[in-house]
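Inside the fold
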Amino acid sequence: MKKIIAVLLALSTVIAESGVYAATYVNGEDVTNEVFTTISNDYTLFPVRYLGEKLGCDVSWNPNDKCISVSKGDTHRDFYNGSTAVYDWNGNSYNLVTVPKLVDGNTMVPAEFYRDNFGVSVIWDDVTSSLFINSEDTYNWLVNTNEYQQAKKNKAYTQYIGSYTFTPSYGEPLMELNITEANSNYMIVNANRLRGKGYEYTMGKATFINETTAELYGSIGFPSEGALVPKKFKFYLVEPNIIMEEYDTFGNLEDSYTFYKN
């Protein structure tokens, strides 16, 4: 089980927004590297026979009418490539969440086909970008580990990564704030003036002093002229915006800016 934590949490940090899973579990078994998948309408499709047989179903293909049949016990479903319609043997029809596809000779269906028609649990975990198919025990064990809870907490802060703009009431945008990294311990912050050539902010790692407030010591001024004034900056997370307060070295509040996410 420790291996599960290491794999899922490590992979979740490098998953791109492509719909690809960091890991896929079927019956509690990691099948990530043994099954071919593809993406359709933001759903990941699996070979119908591979997944069906893993879940104890019988899967057959009728070459005459090109019908795919999946059965388990008294439950029978027929469908065709290129159509979302699914039929039982009593003449009723149902709809798949996305169209099955034929890829390299394999009929590909979403895991939701087995969820909706055969009662198989399908759990998507956003923290690890992973899918658990008929793997409730594995999933329930994982989410109760300390490592997972910390990863979940860190992920909540990633929503603040991005660019923000402060616009005073009397004019055009004046300042831009950029957060390039964020977790429950710190944020990497930088700011720059959009007007006022040469005037710069020196920032960096802002450490959280509570769940919604981070602070750092930096400076403002004209680095090219050696004119830098030490400052303390506080950042308040007010979803989806950020309030930045600027203090002098004696702790006196000098300015406050509300940045709106771009």
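That block above? That's the structure.
**Some thoughts on helix α4 (residues 136-143)**
For α4, the complete set of buried residues consists of Thr-138, Tyr-139, Leu-142 and Val-143. Buried residues of α4, seen end-on, are gathered within an arc of 120° and therefore sit on one face of the element.

**Here we look at the environment of Asn-41**
Here Asn-41 is to be found in the loop between β3 (38-40) and β4 (43-47). When its relative accessible area of 57% is taken as the criterion, Asn-41 is described as exposed. Each C-alpha atom of the pair Asn-41 and Tyr-217 lies 46 Å from the other, and the pair is 176 residues apart in sequence. A polar contact is formed between the side chain of Asn-41 and the side chain of Thr-98, at a distance of 3.0 Å.

**Quick look at the sheet that holds strand β2 (residues 29-30)**
If you walk across this open sheet you meet the four strands as β2-β1-β13-β12, and the pairing is mixed. Sheet topology places β2 and β12 (122-125) at the edges, where each strand pairs with a single neighbour.

**Structural notes on the sheet that holds strand β11 (residues 106-110)**
Spatially, four strands are ordered β3-β4-β11-β10 in an open sheet, and the strand pairing comes out antiparallel. The open sheet has two edge strands, β3 and β10 (101-103), and neither has a second partner. Sheet twist, expressed as the mean angle between neighbouring strand axes with direction ignored, is 45°. The pairing of β3 with β4 spans three bridges and is classified as antiparallel. Paired with Ser-40 across the bridge in β4 is Tyr-43.

**Comments concerning the packing of aromatic side chains**
Taken as a whole, this structure holds eleven aromatic pairs when the rule is applied. Through a chain of ring-to-ring contacts, three or more aromatic side chains come together here, namely Phe-79, Phe-113, Tyr-114 and Phe-118.

**Let's talk about the pairing of strand β18 (residues 204-210)**
Judged from the four bridges that link them, strand β16 (residues 186-193) and β18 form a sheet pairing that is antiparallel. Bridging from a neighbouring strand, Ile-188 pairs with Lys-205 of β18. Pairing of β18 with strand β19 (residues 213-222), which is carried by three bridges, proceeds in the antiparallel orientation. Each residue of the ladder has a partner; that of Thr-207, found in β19, is Glu-215. Counting the residues that bridge the hairpin from β18 to β19 gives two residues.

**Describing the layout of surface pockets**
What the second largest pocket holds in volume is close to 160 Å³. What lines the second largest pocket is Pro-47, Val-48, Arg-49, Val-59, Ser-60, Trp-61, Ile-68, Asn-81, Leu-102, Gly-105, Asn-106 and Thr-107. If you list the elements that add at least two residues to the lining of the second largest pocket, you get α2 (48-54), β5 (58-62) and β11. Class assignment for the residues of the lining of the second largest pocket results in six nonpolar, five polar and one charged.

**As for the environment of Ser-163**
Within the secondary structure layout, Ser-163 lies in strand β14 (residues 162-166). In contact with Ser-163, other than residues within four places in its own chain, are Glu-176, Leu-177, Asn-178, Tyr-260, Lys-261 and Asn-262. At a separation of 3.3 Å, a polar atom in the side chain of Ser-163 contacts the side chain of Asn-178. One polar contact links Ser-163 to Asn-262, side chain to side chain, over a distance of 2.8 Å.

**Comments concerning the state of the cysteines**
Applying the stated criterion across every chain, the model contains zero disulfides. Unpaired in this structure, Cys-57 has its nearest cysteine sulfur neighbour in Cys-67, at a distance of 15 Å. Assessed through its relative accessible area of 5%, Cys-57 is described here as buried.

**Considering the pattern of salt bridges**
Two side chains bearing opposite charge may form a pair once their charged atoms approach each other closely. Counted by the stated rule, this structure contains six salt bridges. Residue Glu-29 is joined to Lys-54 by a salt bridge in which the shortest nitrogen-to-oxygen separation is 3.1 Å. Here Glu-29 is found in strand β2, whereas its partner Lys-54 is found in helix α2, with 25 residues between them in sequence. Between Arg-115 and Asp-116 there is a salt bridge, and its shortest N-O distance comes to 2.7 Å. Residue class for Asp-116 comes out partly exposed when judged on its relative accessible area of 44%. Among the ionic contacts, a cluster of salt bridges with common partners joins Glu-29, Glu-34 and Lys-54.

Cut-offs and rules
- Residues numbered from 1 in each chain as written.
- Predicted model: local features only at pLDDT ≥ 70, side-chain atom pairs only at ≥ 80, totals over all residues.
- Heavy atoms only, no water.
- Buried < 20%, exposed > 50% of the residue type's maximum accessible area, 1.4 Å probe, protein only.
- Helix = DSSP H or I, 4+ residues; strand = E, 2+ residues; numbered from the N terminus.
- Arc of directions from axis to C-beta.
- Polar contact = N/O pair within 3.5 Å; in protein donor to acceptor, adjacent residues only side chain to side chain.
- Pairing = 2+ DSSP bridges.
- Axes fitted to C-alpha atoms, helices over the stretch in contact; angles between N-to-C directions.
- Phe/Tyr/Trp six-rings, centres within 6.5 Å; stacked < 30°, edge-to-face > 60°.
- 1 Å grid on protein atoms, 1.4 Å probe; cavity = no way out; pocket = protein on both sides within 12 Å on 5 of 7 lines; lining within 4 Å.
- Points joined across faces, edges and corners; volume = space filled by probe spheres on them.
- Nonpolar A, V, L, I, M, F, W, Y, C, P; charged D, E, K, R; others polar.
- Contact = heavy atoms within 4.5 Å.
- Disulfide = S-S within 2.5 Å.
- Salt bridge = Lys/Arg side-chain N within 4 Å of Asp/Glu carboxyl O.

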